[in-house]
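# Chain and residue survey
Listed below are the residues making up each chain.
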Amino acid sequence: MADPAPISSPDESASTLEGDLVKRARRGELAAYDELVKRYQERIYATIYHMTSNHEDANDLAQEAFIKAFQALKSFKGGSTFYTWLYRIAVNKTINFLKQRKNKHHLSLNDLDFNTEHNPDLVALISEKTPHRDAGLAELQKKLNESLLKLSEPHRMVVVLHDVQGVSHEEIAEIMACNIGTVRSRLFYARQQLQGHLAEYLQST
Amino acid sequence: MNKNEDNFETLKQLLKLKQHEVPPPGYFNNFSDQIVSRIRAGEGGGAQSLTERLESVAPWLVHFLQVFETKPGLIGAVATSLCLLLTLGVVVGERSDSASKTILPTAEFASAGTASASITGPPLVVAADSTGIVASTNPATSLQPVSTLFGLPNASLFQSASFVPASR
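With that settled, the discussion passes to the overall build of chain A. Within chain A, the secondary structure is distributed over 10 helices and one strand. Shown N-terminal to C-terminal, the secondary structure of chain A runs as helices and strands in the order α-α-α-α-β-α-α-α-α-α-α. Split into buried and exposed, the 205 residues of chain A put 52% on the buried side. By sequence separation, contacts in chain A at least 24 residues apart represent 70% of the contacts at least 6 residues apart. Approximately 9,300 Å² of chain A is accessible, and the part contributed by carbon and sulfur atoms is 49%.

Attention now moves to the environment of Ala32 of chain A. Residue and element names in this part refer to chain A. Note on placement: Ala32 falls in helix H2 (residues 30–52). Given the relative accessible area of 0%, Ala32 is considered buried. Sequence separation between Ala32 and Glu18 is 14 residues; the distance between their C-alpha atoms is 9.4 Å. Residue contacts for Ala32: discarding those within four places in its chain leaves Leu21, Arg24 and Ala25.

Let's shift gears to the packing of H2 of chain A against helix H2 (residues 31–40) of chain B. As a packed pair, H2 of chain A and H2 of chain B sit with axes 9 Å apart at the nearest point and diverge in direction by 140 degrees. The orientation of H2 of chain A relative to H2 of chain B falls into the category oblique. The handedness of the crossing between H2 of chain A and H2 of chain B is right-handed. Together, Leu30, Tyr33, Asp34, Val37, Lys38 and Gln41 of chain A of H2 of chain A and Phe31, Ser32, Asp33, Ile35, Val36, Ile39 and Arg40 of chain B of H2 of chain B make up the contact between the two elements. Grouping the constituent residues of the contact of H2 of chain A with H2 of chain B by class yields seven nonpolar, two polar and four charged.

Evaluation of the coordinates by the stated rule reveals 14 aromatic pairs over all chains. Taking the centre distance of 6.0 Å and the plane angle of 10 degrees together, the rings of Tyr45 of chain A and Tyr49 of chain A count as stacked. With Tyr45 of chain A and Tyr49 of chain A both in helix H2, this residue pair falls four residues apart, about one helical turn. A relative accessible area of 0% places Tyr45 of chain A in the buried class. Centroid distance Tyr27 of chain B to Phe31 of chain B: 5.8 Å. Interplanar angle 55 degrees. Geometry classified as tilted. Among the residues examined, Tyr27 of chain B registers a relative accessible area of 15% and is labelled buried. Every member of this aromatic cluster is reached through a ring pair, and the members are Tyr45, Tyr49 and Phe66 of chain A together with Tyr27, Phe28 and Phe31 of chain B.

The next point concerns the packing of helix H7 (residues 153–164) of chain A against helix H9 (residues 180–197) of chain A. All names here are of chain A. Contact pair H7 / H9: the axes reach a minimum separation of 8 Å and the direction vectors enclose 95 degrees. Of the possible angle classes, the one that applies to H7 and H9 is roughly perpendicular. From H7, Pro154, His155, Val158, Val159, His162 and Asp163 reach across to H9, where they touch Val183, Arg186, Leu187, Tyr189, Ala190, Arg191 and Leu194.

Take unusual backbone geometry next. In terms of backbone geometry, most residues other than glycine have negative phi values and most peptide bonds are trans. All names here are of chain A. Look at Ser53: it is not a glycine, yet its phi comes out positive at around 55 degrees. The residue Ser53 is located in the loop between H2 and helix H3 (55–71) in this model. Positive phi, close to 55 degrees, is recorded for Ala177, a residue that is not glycine. Turning to its location among the elements, Ala177 is positioned in the loop between helix H8 (169–175) and H9.

For the rest of this paragraph, the subject is the confidence of the model for chain A. Overall, the predicted model of chain A reaches an average pLDDT of 83, with 82% of residues at or above 70. Considering only residues more than four positions removed or in separate chains, one finds that residues 1–6 of chain A, a stretch of pLDDT under 50, has 17 contacts.

Next up on the list: the pattern of salt bridges. Residue and element names in this part refer to chain A. Tallied over the full model, the rule gives nine salt bridges over all chains. The residue Arg24 makes a salt bridge to Asp20 at a minimum N-O spacing of 4.0 Å. Placement of both Arg24 and Asp20 in helix H1 (residues 12–26) is noted, with a separation of four residues, approximately one turn of the helix. Overall, Asp20 belongs to the partly exposed group, its relative accessible area being 36%.

A few words now on the nonpolar core. Counting 69 residues, the largest nonpolar core has Tyr33, Ile44, Phe66 and Phe82 of chain A as its most contacted members. The element contributing the most residues to this core is H2 of chain A, with 11 residues. Once residues within four sequence positions are removed from consideration, Phe66 of chain A is found in contact with Tyr33, Val37, Tyr40, Gln41, Ile44 and Leu86 of chain A together with Phe31 and Ile35 of chain B.

Further remarks concern the interface of chain B and chain A. On the chain A side, the residues contacting the 41 residues of chain B number 62 residues. Of all residues in chain B, Leu14, Lys18 and His20 of chain B bury the most surface against chain A, accounting for 14% of the area lost on that side. Put simply, chain B and chain A have zero salt bridges between them. Run the count over chain B and chain A and you get 11 residue pairs in polar contact (both at pLDDT 80 or more).

Quick notes on the rules
- Residues numbered from 1 in each chain as written.
- Chains lettered and ligands numbered in written order.
- Predicted model: local features only at pLDDT ≥ 70, side-chain atom pairs only at ≥ 80, totals over all residues.
- Heavy atoms only, no water.
- Helix = DSSP H or I, 4+ residues; strand = E, 2+ residues; numbered from the N terminus.
- Buried < 20%, exposed > 50% of the residue type's maximum accessible area, 1.4 Å probe, protein only.
- Contact = heavy atoms within 4.5 Å.
- Areas by Shrake-Rupley, 256 points an atom, 1.4 Å probe, with all protein chains shown as cover.
- Axes fitted to C-alpha atoms, helices over the stretch in contact; angles between N-to-C directions.
- Parallel < 35°, antiparallel > 145°, perpendicular 65-115°, else oblique.
- Left-handed = near helix turned anticlockwise from the far one by under 90°.
- Nonpolar A, V, L, I, M, F, W, Y, C, P; charged D, E, K, R; others polar.
- Phe/Tyr/Trp six-rings, centres within 6.5 Å; stacked < 30°, edge-to-face > 60°.
- pLDDT = per-residue confidence, 0-100.
- Salt bridge = Lys/Arg side-chain N within 4 Å of Asp/Glu carboxyl O.
- Core = buried A, V, L, I, M, F, W, Y, C linked by side-chain atoms within 4.5 Å.
- Buried area = accessible area lost by both parts, 1.4 Å probe.
- Polar contact = N/O pair within 3.5 Å; in protein donor to acceptor, adjacent residues only side chain to side chain.

Here it is as C-alpha cells:
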C-alpha cells in the first residue's frame, strides 16, 4: 500500500480478463468473484480506511461493499468499468456510514510501514519545516488524520481519492457521480481547509 | 495562487504519509475468503435495504436526493415553494367557494317563478321540500335557503314558541 496503484485503465488483455471474470461472477461463480475481490481489496480497503481513520470500520465496510457488489452484480450493465462501479458502491456505503455516525470519530490507526522513515519528503518535512522539531511521525500521523476528519465527507473523499490514492479527476467524477468542475472545486476547498488545520506543520521555518 | 500551489505541494507531501499506513501483516491473506464464505452463508442473496433497491432501480432518484444532502439550501427552497403552492391552493379554493356562493342568488333571481328544484339544476339537487331547503350533494349549495313562491323564504323554518294555558 506504500505506492498506491492509480486506477487508470487497465490494458486490453487485463480488461478482457476482467470482463470474463465479471461474466462468470454474474453467473454465480464464486471463484471468479474471489479473483475480483483479490484484485481490488487493497484499494477499496485503503479508500475506506483513509475516510474513516479506523481499521475495524474499514474492515467491516470493505467486506460489506464487496458483498453488496456481488448482490448487485446482476444490475451491473457495463456502462462503466467494473472498478469504477465497485468504487461507487464502496464510496456510497462509506459516506452513508459516516453520516449515520455523525461526528463520533474514534481513531484506530494502522501502523506506519518501515519505508516511512526513509521517505525523504517526509523526513524533510519533519526535520526542517516543523517548528516542533521533536515531533515524531506518529504525532504527525494523528494530527493529519484528525484534520482529515474535520472535512465534510465529499471533500474528504476527493482528497483521499486524488492526493492519497492518485485517482484522476475524471475517474473521481465518475465514481462520485458529479462533474469534473465539482471535483476540482471540492479538492481546492479541501486543501485550503487542511492547510489551515495543519498550518503549524506546513509553515516554513 | 502560486503561493497557494506551493503550499499545496507541501501539503501533498504531508498527505503522502497516509500511503504508509498499512493494515496488520497478513490482513489481506484471508480477506477474500471471508467475503466468499459470508456470501456462501447466505448474505449474497440477502435482502437489500430500501435505498439499495432504489439505487439499482432508479439511480437518478438517489442522485437527486443526494443533491439535497450536498446542498442543504435547496431543501429550504423546495420547502418554501411547496408551502407557497399550498397557500395558493387554499386561496384559490376559498375564492372559488365564495364565487359559487355569489352565483347562487343570481341564479335564483334569474329563475324566479319556476320551481325551486330547477334553480340549482338536476345534478346537484336531490330534493326540495316545503321548508325551502334544498338538499344537495354539493356542500356549498347544500342547506342553502331558497326563495319560495309563497312569501318569505324559509318562513316555516322558525316558528315563534307560544304557550297558552289550557284553562283559557
